[in-house]
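One-letter residues, chain by chain:
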Amino acid sequence: AQSVTQLDSHVSVSEGTPVLLRCNYSSSYSPSLFWYVQHPNKGLQLLLKYTSAATLVKGINGFEAEFKKSETSFHLTKPSAHMSDAAEYFCVVRGQNAGNMLTFGGGTRLMVKP
Amino acid sequence: DTGVSQDPRHKITKRGQNVTFRCDPISEHNRLYWYRQTLGQGPEFLTYFQNEAQLEKSRLLSDRFSAERPKGSFSTLEIQRTEQGDSAMYLCASRGGLDYGYTFGSGTRLTVV
């Protein structure tokens, strides 16, 4: 079975400062990992995905994540936070059974202060 | 609109009533998923369809829950004899066969009073 743990339920940063959202995974196989963002009253939007290609993955809106097998981590970063980045972020692992169901972490709420 | 549509957006119902939600996936996507998201939590898998066949069901899906995808296109999720614990956001996602991309709808928020 696979799982993901998001280490911080809330993160608060000032606009223009770096963002770090932490995620550790557990998997018995080489995982496919994703980050999704959820704005209030909006659907889940894919930020980026790792599927065993390059370990540094670039996503939309300036976000990127690095897959580190030795640390079983897939942390999400952004050099400079924008007010519009305030949202809930989910780290997700894809299952390898026939349905490839997604398993979500508990989420990290990012708050951006002006 | 080529996204995943869910209807209704919001539903308030009295405990013990039955409710039904609808999901219209992206037309060329043969895989469809239902998830449930309670307040402050990540979404949890409920059930999965490939075309019209329901291939996986979570233990979360009690016998009061039933899902269908009769023609391999839209899907419905019915909850019978609703309980307050059923209050949640119900999310639908679809996916094409060879694509890793899952497209989520905006969800149906259920409140049981």
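All of these numbers come straight from a predicted model, not from anything done at the bench.

J.: Would you explain the state of the cysteines in this entry?
T.: All names here are of chain A. The final tally for this structure, using the stated rule, is two disulfides over all chains. With a sulfur-sulfur separation of 2.0 Å, Cys23 is cross-linked through a disulfide to Cys91. In this structure the cystine formed by Cys23 and Cys91 twists about its S-S bond by roughly -65°; its chirality is therefore left-handed. With a gap of 68 residues between them, Cys23 in strand β4 (residues 23–26) and Cys91 in strand β10 (residues 87–94) connect regions that are remote in the sequence. Here Cys23 and Cys91 have matching classes, each one buried.

J.: It is not clear to me how the sheet that holds strand β1 (residues 5–7) of chain B should be interpreted in this structure. Could you clarify?
T.: Remark on secondary structure: sheet strands pair via backbone hydrogen bonds, oriented parallel or antiparallel. All names here are of chain B. The strand order across the open sheet formed by four strands is β1-β3-β8-β7, and the pairing between neighbours is antiparallel. Because the sheet does not close on itself, it has two edges, and the strands there are β1 and β7 (65–68). Put simply, the sheet's adjacent strands are angled 15° from each other on average, direction ignored. Across four bridges, the pairing between β7 and strand β8 (residues 75–79) is antiparallel. Within the sheet, the bridge partner assigned to Ala67 lies in β8 and is Leu77.

The rules behind the values
- Residues numbered from 1 in each chain as written.
- Chains lettered and ligands numbered in written order.
- Predicted model: local features only at pLDDT ≥ 70, side-chain atom pairs only at ≥ 80, totals over all residues.
- Heavy atoms only, no water.
- Disulfide = S-S within 2.5 Å.
- Helix = DSSP H or I, 4+ residues; strand = E, 2+ residues; numbered from the N terminus.
- Buried < 20%, exposed > 50% of the residue type's maximum accessible area, 1.4 Å probe, protein only.
- Pairing = 2+ DSSP bridges.
- Axes fitted to C-alpha atoms, helices over the stretch in contact; angles between N-to-C directions.

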